[in-house]
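# Secondary and tertiary structure notes
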Amino acid sequence: MNACMRRRRLLRIGVRTALIAVGAAAALVPAGAVTDVQPAASLQDIIVRGELRVITGSSPHSFHMYRNEAMGFDYELAREFAAQLNVRLRVIPKETWRDMLSALESGEGDLVAGAEMTPARSVQVAFSNTYMEVQQHIVSNRERAPLATLRDLAGRTVDLGRGSAHLETLDELRRRGIDVTVRTHDHLSDDSLIPLVARGEIDCTIAGGNVAFLSRRYYPSTSVRSLGEEAFVSLGWAVPPTAQALLARVNEFLQIFFYFWGFYEIYSKYHPNIETFDSVDQRAF
């Protein structure tokens, strides 16, 4: 399967790839100042240190340990970038965006891999080019009242991590007259709320298609429904606003890796036919 066919296949799984054009006008997202406890590491600092410290989520999609082996889509992408820099990789897993941002601001890590890009976040960090756009989905329990339409969210409670990229989507739904209640959690990410939905401890949450469909494999008691054709959020990497050389190198890597290297192979490893799902067979398995 050639690269063009592979990219088209990604379009059909609730995740649409974004064009990372050479010289794209949106190459850099302007960002406001970050209050640093330590100066942000430059690209040269990373090379001299011989170590790239990558902050990412602690989840089956981003980073986890399985039989003493590090795994995860964002982890493997970061490992390829570290190899390109000829440095070792150290992963710093965090639960929420607030935790990730704090680690970036304090100098604990050099960049955030796999971050959801929003206007509010873009004034805190400098984002790379987007390499993927994921459709937002509501994740609920199959035993609860079904969500046939978005209007069915009225009177329901959606739990999210504090600072979640999906809060803006819910604000828009409320502006449209859908009376949905939002409850946020200081130390739980959107991903880590999905098991609570599966156990019936909370009503529902929101996740990108890449996470929602993957989690459904682990938690077949959950139901996944799209929030609409326009409900997409872009994914990218984040660096401190002053780390422009590092940002340029990240953009170069993502562009080349997407078009010529193994992006599709890594994606397929963690998301094989993720929209294909049979809850009866999955429960039996």
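Below you will find a few notes about this structure. (Residues numbered from 1 in each chain as written. Predicted model: local features only at pLDDT ≥ 70, side-chain atom pairs only at ≥ 80, totals over all residues. Heavy atoms only, no water.)

What follows concerns the overall build of the protein chain. Within the protein chain, the secondary structure is distributed over 10 helices and 13 strands. Here the protein chain holds 285 residues, and 51% of them are scored as buried. (Helix = DSSP H or I, 4+ residues; strand = E, 2+ residues; numbered from the N terminus. Buried < 20%, exposed > 50% of the residue type's maximum accessible area, 1.4 Å probe, protein only.)

Turning our eyes to something else, we now look at the packing of helix 3 (residues 73–85) against helix 9 (residues 263–270). One can describe the packing of helix 3 onto helix 9 by two numbers: an axis separation of 9 Å at closest approach and a directional angle of 155°. When the interaxial angle is binned, helix 3 and helix 9 end up roughly antiparallel. Remark: the crossing between helix 3 and helix 9 carries right-handed chirality. Residues F73, E76, L77 and E80 of helix 3 touch helix 9, and the partners they reach there are F263, I266, Y267, K269 and Y270. Looking at the contact of helix 3 with helix 9 residue by residue, the class counts come to six nonpolar, no polar and three charged. (Axes fitted to C-alpha atoms, helices over the stretch in contact; angles between N-to-C directions. Parallel < 35°, antiparallel > 145°, perpendicular 65-115°, else oblique. Left-handed = near helix turned anticlockwise from the far one by under 90°. Contact = heavy atoms within 4.5 Å. Nonpolar A, V, L, I, M, F, W, Y, C, P; charged D, E, K, R; others polar.)

Turning our attention to the packing of aromatic side chains. Within the structure shown, the criterion is met by six aromatic pairs. With centroids separated by 6.4 Å and ring planes inclined at 25°, the aromatic side chains of W97 and F127 adopt a geometry described as stacked. Of this pair, W97 sits in helix 4 (residues 97–105) while F127 sits in strand 7 (residues 126–127); the two residues are 30 residues apart in sequence, bridging distant segments of the chain. For the pair shown, W97 and F127 are each scored as buried. Three or more aromatic residues link up through ring pairs in this structure, and these residues are F81, W237, F253 and F257. (Phe/Tyr/Trp six-rings, centres within 6.5 Å; stacked < 30°, edge-to-face > 60°.)

Before going further, it helps to spend a moment on the environment of F127. By relative accessible area, which is 1% here, F127 ends up buried. Sequence separation of F127 and N251 is 124 residues, and the distance between their C-alpha atoms is 9.4 Å.

Core analysis: the biggest nonpolar cluster contains 36 residues, and L111 and W237 have the highest contact counts within it. Ranked by residues supplied to this core, first place goes to helix 8 (residues 244–260) with seven residues. (Core = buried A, V, L, I, M, F, W, Y, C linked by side-chain atoms within 4.5 Å.)

Once that is clear, we can look at empty space enclosed by the protein. Taken as a whole and assessed by the stated rule, the structure comprises one cavity of 30 Å³ or more. Approximately 400 Å³ is the volume attributed to the largest cavity. Along the walls of the largest cavity sit 30 residues, with M100, G114, E116, D190 and D191 positioned nearest its centre. Take the lining of the largest cavity: its biggest share by element is three residues, from strand 6 (residues 111–117). Taken together, the residues that form the lining of the largest cavity break down as nine nonpolar, 14 polar and seven charged. (1 Å grid on protein atoms, 1.4 Å probe; cavity = no way out; pocket = protein on both sides within 12 Å on 5 of 7 lines; lining within 4 Å. Points joined across faces, edges and corners; volume = space filled by probe spheres on them.)

Let us now look at the side chain of S140. Along the chain, S140 turns up in strand 8 (residues 132–141). Residue S140 is classed as buried on the basis of its relative accessible area, which comes to 5%. Not counting chain neighbours up to four residues away, the residues in contact with S140 comprise L147, V197, D203, C204, S221, T222 and S223.

The subject of this paragraph is the pattern of salt bridges. In total, this model carries 14 salt bridges according to the counting rule given. A salt bridge links D186 to R98; the nearest nitrogen and oxygen atoms lie 3.5 Å apart. You can see D186 sitting in the loop between strand 10 (181–185) and helix 6 (190–198) and its partner R98 sitting in helix 4, a full 88 residues away along the chain. The exposure class of R98 is partly exposed, given its relative accessible area of 44%. Within this structure, R49, R53 and D110 form a network of salt bridges that share partners. (Salt bridge = Lys/Arg side-chain N within 4 Å of Asp/Glu carboxyl O.)

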